[in-house]
Amino acid sequence: MFEIVGKKELTHLVWQIEIKAPRIAKKRKAGQFVLLRMNEQGERIPLTIVNSDDEAGTITVIVQEVGKSTSILGGMKVGSSILDVVGPLGMPTHIENYGTVVCVGGGIGTAVTYPIGAALKEAGCKVISIVGSRSKDLLILEDEMRGVSDELHITTDDGSSGHHGFVTDVLGEFIKEGLKIDLVIAVGPIPMMRAVSEVTRPSAINTMVSLNPIMVDGTGMCGACRVTIGGENKFVCVDGPEFDGHLVDFEELVMRNRSYFKEEKMAVEEYTYHEGTRCYDKKGDD
Ligand code: FES
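Computed from a predicted model, the values in this text were never measured in an experiment. (Residues numbered from 1 in each chain as written. Predicted model: local features only at pLDDT ≥ 70, side-chain atom pairs only at ≥ 80, totals over all residues. Heavy atoms only, no water.)

Q: For this particular structure, what's the right way to read the side chain of Thr156?
A: Tracing the backbone through its elements, the reader meets Thr156 in strand S10 (residues 151-156). Within the local environment of Thr156, its side chain forms a polar contact with the backbone nitrogen of Ser160, the two atoms lying 3.1 Å apart. Within the structure, Thr156 has its side chain in polar contact with the backbone oxygen of Ser161 (distance 2.7 Å). Sequence-distant contacts of Thr156, defined by excluding residues within four places in its chain, comprise Ser133, Arg134, Ser135, Lys136, Leu139, Ser161, His163, His164 and Gly165. (Helix = DSSP H or I, 4+ residues; strand = E, 2+ residues; numbered from the N terminus. Polar contact = N/O pair within 3.5 Å; in protein donor to acceptor, adjacent residues only side chain to side chain. Contact = heavy atoms within 4.5 Å.)

As structure tokens, this is what we get:
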């Protein structure tokens, strides 16, 4: 059993959760994830390790309540325990001093961008970050991103903070101005990662995207995360989660990501009915 030792709501239904898991805290590297199973009947959910504290023996994950299992986790209190936490899993991000790196985080994807940005900064890169969300109240980890970045740019779709528009507007400006960019790392909703890859394609800027959203059980067994990368079949949970954005077949990825929508909706409805809990409108207490 793995105890929850800290919990805070970052924005509506998005939780930062600290879990006691000393062995994982010792081994984990930027870009890796853990599999969580809350109870015997529960499904496994993959979550990126946002941070770890070797001394305290804890790891930090961020979860957004979007379905049954994430709602169960979001509703758990400090002091309660998660049945299984397995990891660290996935290939770590390749970290080296690339030069100038632009780290793009969209919405909850910033939870993945942050540890990568931190590791790149530590390796000596110049880190320029662009963090975007629909509105100011949905921005997460702004201070943390500022702390690991030489420059931080905020964008919101509604203009309530920073640039009024998309992360790709700012990235496009950098490219237009002739900024020498050695690597772009983009993590967020699939349309955003696709758009970033299209913006960097004409200048052939090395672009990595993290395809975490496609993962289901994260074990390499279910096959749900199969993607086509440069014409080859890959499994996100085993071969990734990071891939060259210019080689990803985004068309197929979008289709695949919708595969379990009906089943997930049914699970949420059943959970809501039986547990009397509203997954999408539940305020946690801790
Ligand atoms: S998430 Fe199931 S095989 Fe990768």
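Back to the write-up after that little detour.
Q: Please explain the pattern of salt bridges as it appears in this structure.
A: Close approach of charged atoms lets side chains of opposite charge pair. For the coordinates displayed, the defined rule picks out 10 salt bridges. Notably, a salt bridge pairs Lys234 with Glu232, separated by 3.5 Å at the nearest N-O pair. Residue classification places Lys234 among the partly exposed positions, given a relative accessible area of 25%. (Salt bridge = Lys/Arg side-chain N within 4 Å of Asp/Glu carboxyl O. Buried < 20%, exposed > 50% of the residue type's maximum accessible area, 1.4 Å probe, protein only.)

Q: How should the sheet that holds strand S4 (residues 45-53) be read in this particular structure?
A: For sheets, the rule is that strands pair by backbone hydrogen bonds, running either parallel or antiparallel. A sheet is described by the order of its strands in space; here 7 strands give the open sequence S6-S1-S2-S5-S4-S3-S7, paired in antiparallel fashion. The open sheet has two free edges, formed respectively by strand S6 (81-82) and strand S7 (84-89), since each of these has just one partner strand. Across 2 bridges, strand S1 (residues 2-11) lies against S6 in antiparallel orientation. Directly across from Phe2, in S6, lies its bridge partner Ile82. In the packing of helix H3 (residues 110-122) onto the sheet, contacts are made with S4 and strand S5 (58-64), and the angle to S4 comes to roughly 40°. (Pairing = 2+ DSSP bridges. Axes fitted to C-alpha atoms, helices over the stretch in contact; angles between N-to-C directions.)

Q: Is there a simple way to explain the sheet that holds strand S9 (residues 126-133) in this structure?
A: Strands sit in the order S11-S10-S9-S8-S12-S13-S16 across an open sheet of 7 strands; the sheet is mixed. The outermost strands of the open sheet, each flanked by one partner alone, are strand S11 (163-164) and strand S16 (242-244). Relative to S16, strand S13 (residues 207-210) runs antiparallel, the two being bridged by 3 bridges. The residue bridging Met208 from the neighbouring strand is Asp244, located in S16.

Q: Sorry, what's going on with the nonpolar core here?
A: Soluble globular proteins: nonpolar side chains tend toward being buried together. Grouped together as the largest cluster of nonpolar side chains are 31 residues, with contacts concentrated most on Val102, Val104 and Leu211. Not counting the four nearest positions on each side in its chain, Leu211 is found in contact with Met193, Val227, Ile229, Val236, Pro241, Phe243, Val248 and Leu253. Counting 20 residues, the second-largest nonpolar core is a separate cluster that includes Val34, Ile49, Val63 and Leu73. (Core = buried A, V, L, I, M, F, W, Y, C linked by side-chain atoms within 4.5 Å.)

Q: Is there a simple way to explain helix H5 (residues 167-177) in this structure?
A: Note on helix geometry: an α-helix contains 3.6 residues per turn, so any two residues three or four positions apart are oriented the same way. Val167, Thr168, Val170, Leu171 and Phe174 are the residues of H5 that are buried. An end-on view of H5 places all buried positions within 160° of arc, on one side of the element. Exposed residues on H5 whose side chains face more than 90 degrees from its buried face are Lys176 and Glu177. After H5 finishes, the residue Gly178 shows a positive phi value of roughly 85°. (Arc of directions from axis to C-beta.)

Q: Whenever I open this one, the pairing of S5 confuses me. Can you help?
A: When a strand is regular, its side chains alternate between the sheet's two faces. Taken across its 7 residues, S5 has 6 buried, putting it largely inside the fold. Where strand S2 (residues 14-20) lies against S5, 7 bridges are found, and the strand directions are antiparallel. If you follow Lys20 over to S5, its bridge partner there is Thr58. As defined by bridge partners, S4 adjoins S5 across 4 bridges and the pair is classed as antiparallel. Counterpart to Asp53 in the pairing with S5 is Thr58. Taken together, S4 and the strand that follows it, S5, pair antiparallel across an intervening segment of 4 residues, in which Gly57 is found at a positive phi of about 70°.

Q: When you look at the packing of H5 against helix H6 (residues 190-200) in this model, what are you seeing that I'm missing?
A: To characterise two packed helices, one gives the angle between the axes of the helices and the distance between these axes. It is the contact of H5 with H6, at a shortest axis distance of 10 Å, that shows an interaxial angle of 15°. When the axes of H5 and H6 are compared, the pair comes out roughly parallel. Between H5 and H6 the crossing geometry is right-handed. For the pair formed by H5 and H6, the contact residues are Val167, Thr168, Leu171, Gly172 and Ile175 on the first element and Met192, Ala195, Val196, Val199 and Thr200 on the second. Considered class by class, the residues forming the contact of H5 with H6 number 7 nonpolar, 3 polar and no charged. (Parallel < 35°, antiparallel > 145°, perpendicular 65-115°, else oblique. Left-handed = near helix turned anticlockwise from the far one by under 90°. Nonpolar A, V, L, I, M, F, W, Y, C, P; charged D, E, K, R; others polar.)

Q: Whenever I open this one, the packing of H6 against helix H8 (residues 250-257) confuses me. Can you help?
A: Closest axis-to-axis distance for the H6/H8 pair is 11 Å, and the angle between their directions is 175°. Taken together, the axis directions place H6 and H8 in an arrangement best described as roughly antiparallel. Mapping the contact onto sequence places Ile190, Met193, Arg194 and Ser197 in H6 and Phe250, Glu251, Leu253, Val254 and Asn257 in H8. Split into classes, the residues belonging to the contact of H6 with H8 amount to 5 nonpolar, 2 polar and 2 charged.

By themselves, these are just geometric observations and shouldn't be taken as functional.
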